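What the coordinates show
As a plain string of letters, each chain reads:
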Amino acid sequence: MIPKINSADYQCFPLGDSAIVLEFGREISVSINTRIRLICEWLDEYTFEGFVDYVPAFTTITVYYEPWVINYDKLEEMLDEMISGIGEEDEITARSPIEIPVLYGGHYGPDLDVVARQCQLTTAEVIRIHHAAEYLVYMIGFAPGFPYLGGMDERIATPRKETPRALIPAGSVGIAGKQTGIYPIETPGGWQIIGQTPLQLFNIDREVPALLKAGDRIRFISVTEQEFIQIKKENGH
Amino acid sequence: MGIKVLKGGLLSTIQDLGRFGYQKDGIVVSGAMDLLALRIGNLLVGNAESEAGLEITLLGPSLFFEADQRIAITGADLSPAIDGMPVGMWRPLRIAKGSTLSFGKPIDGCRSYLAVSGGFDIPLVLNSYATYLNGKFGGHEGRALKTGDTLSFKRNNQPSSGKINWKADLKLYPDLKTRAIRVIEGPEINLFSEESIAAFFTSEFRISTAADRMGYRLEGQQLKWTASQDLLSSAVTFGTIQVPAQGDPIILMADHQTTGGYPRIAQVISCDLTLLAQMRPGDVFKFELITLARAHELLILREQQLKQLKQTIAFKYE
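Quick summary incoming for the structure in this document. (Residues numbered from 1 in each chain as written. Chains lettered and ligands numbered in written order. Predicted model: local features only at pLDDT ≥ 70, side-chain atom pairs only at ≥ 80, totals over all residues. Heavy atoms only, no water.)

Moving on, we come to the pattern of salt bridges. As enumerated under the stated definition, the model contains 24 salt bridges over all chains in all. Here Asp111 of chain A and Lys161 of chain A are joined by a salt bridge, their closest N and O atoms 3.0 Å apart. You can see Asp111 of chain A sitting in the loop between β5 (98–104) and α3 (112–119) and its partner Lys161 of chain A sitting in the loop between β7 (147–150) and β8 (165–168), a full 50 residues away along the chain. With a relative accessible area of 24%, Lys161 of chain A lands in the partly exposed category. Note that Asp153 of chain A and Arg155 of chain A form a salt bridge whose closest N and O atoms lie 2.8 Å from each other. Judged by its relative accessible area of 25%, Asp153 of chain A is partly exposed. Its relative accessible area of 52% is what places Arg155 of chain A among the exposed residues. What emerges from the salt-bridge pattern is a single network uniting Arg39, Glu49, Arg302, Glu303 and Lys310 of chain B. (Salt bridge = Lys/Arg side-chain N within 4 Å of Asp/Glu carboxyl O. Helix = DSSP H or I, 4+ residues; strand = E, 2+ residues; numbered from the N terminus. Buried < 20%, exposed > 50% of the residue type's maximum accessible area, 1.4 Å probe, protein only.)

All names here are of chain B. Positionally, Arg182 belongs in strand β12 (residues 180–185). A sequence separation of 109 residues divides Arg182 from Thr291, and the C-alpha atoms of the two residues are 9.5 Å apart. Residues in contact with Arg182, not counting those within four places in the same chain, are Gln267, Val268, Ile269, Asp272, Glu288, Ile290 and Leu298. (Contact = heavy atoms within 4.5 Å.)

What follows is about the nonpolar core. Formed by 76 residues in total, the largest nonpolar core has its most connected members in Leu101, Leu114, Phe120, Phe200, Leu276 and Phe287 of chain B. Top element by residues in this core is helix α1 (residues 35–44) of chain B. It accounts for six residues. Per-domain counts for this core show at least three residues from each of domain 1 (2–168) and domain 2 (180–297) of chain B. Once residues within four sequence positions are removed from consideration, Phe200 of chain B is found in contact with Val183, Phe205, Leu223, Ile241, Ile265, Ala266 and Phe287 of chain B. Core analysis: the next-biggest nonpolar cluster, separate from the first, contains 32 residues, Leu22, Ile36 and Ile61 of chain A together with Ile290 of chain B among them. (Core = buried A, V, L, I, M, F, W, Y, C linked by side-chain atoms within 4.5 Å. Domains from an automatic or database assignment.)

This paragraph deals with the interface of chain A and chain B. Taken together, the contact between chain A and chain B spans 37 residues of the former and 35 residues of the latter. Of the roughly 3000 Å² buried at the junction of chain A and chain B (both faces included), carbon and sulfur atoms supply 66%. Of all residues in chain A, the largest losses of buried area upon contact with chain B belong to Leu15, Asp17 and Trp68 of chain A, amounting jointly to 21% of the total for that side. Connecting chain A to chain B are zero salt bridges. Linking chain A to chain B there are 10 residue pairs in polar contact (both at pLDDT 80 or more). Of all the elements in the fold, those that place two or more residues in the side of chain A that touches chain B are β1 (11–14), β3 (51–56), β4 (60–65) and β6 (134–140) of chain A. At five residues, β3 of chain A tops the list of elements feeding residues into the side of chain A that touches chain B. Across the side of chain A that touches chain B, the residue classes break down as 25 nonpolar, seven polar and five charged. (Buried area = accessible area lost by both parts, 1.4 Å probe. Polar contact = N/O pair within 3.5 Å; in protein donor to acceptor, adjacent residues only side chain to side chain. Nonpolar A, V, L, I, M, F, W, Y, C, P; charged D, E, K, R; others polar.)

Have a look at this one:
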């Protein structure tokens, strides 16, 4: 059961003249993430006049509004009223974990050796530790469909590369400090790349372009190169 | 029937008011840099404000019209001409089939907007016509116009209807020579040293050459945080001023990422985004701190003026 949200749980402040931020502390936690998700679900169902958009993040949800339709104080009051009371009997919509196939190492994960060396593990141990855990998608940001994942075992934490790579292929799975993530589109980046998924995390031509959303849980599954190629083919790319 | 692109210009992209509702998936809003100019342009030709228009940057394109059209050019003065004859801005214009619209010397501002009556026939991507250049989607094939492209009109205009010897009353569009950008405090202003905060509000900043639709990197006093704090990523928006460790502030513009992790020292008020959108690399300006209440007054006033303009124009097209 989720404890009921009350207005003492968060602070409100403006982000410019057309957005309000609700901040639930400054520490990443599953319970805060759940609360933010409940608010998102609420906003998906009940919008209000002057509502424009919302952006959930680790401990914040930012709501964009039209100040000529609804004024800031009234908006804050209304959000307070609506949000306190969410929780208790509100069940978070259950989602089963999404499996992300990954081909680790070699050409697809050129930094797997770096991570193993840095963490004084064998590459097989790094892979085992990486796919043993279940990860929570805390938020999507930085690039279309890019998931910020929580839950990585700190035994495989590795600092970013000193010089970022000019181009990292879409689907690359990497480690940066205590975080792991997947690059949805080809982009420059400094993460240590340990593998690649054949799934498309972002495809604008799909009905739902982003594969993952905040609140999803995922597991990595190790696949062979043959399986990797097969899945890639089935996904039509 | 539509437009044949004889020359694409420096950066000409289809834009609208932005792609909202998908920021939670990390999808960038995009849309016109100078939203006010696009909105007025659309109103002038009798369109809804949200219709797609062409954003034209500094060196404009050459566009051959395959059909009669009613158009309007707003925003920066980039010396528009029809068949070589200079034409006025901020008013509806008739352009005849077989004519070419071209642009010349940039006189004032950075971005001009072309609206056509009825709008361009562009496929909607996630509910918007806006081009997102880095994502390669939206607008015309997700990219800037180039020679040989064609843009279709949604409908062909009745060329002879309605008198069009009138001009928009421009008291709602700011003087582009203004060199004060009004801001309100950002959520992390207290992470900066007193000297940095003072420098931010008193010294001049120059727009560097690292300035595009994503954001403008500024040059001037470097700003320092008092404590190196590991901030958790959170939402950023059009006009957010964030400061990376190196100290040069960055103003996020229309193609900004949805979230960021740098301290946000201030936020440009919505009304002054037009001024910023019309500045060029090398332009120098100062920031001026105002209250949220004042920012709201200004924005509400502007929306009222736009509404009035809309009513006046609707009357003319009746």
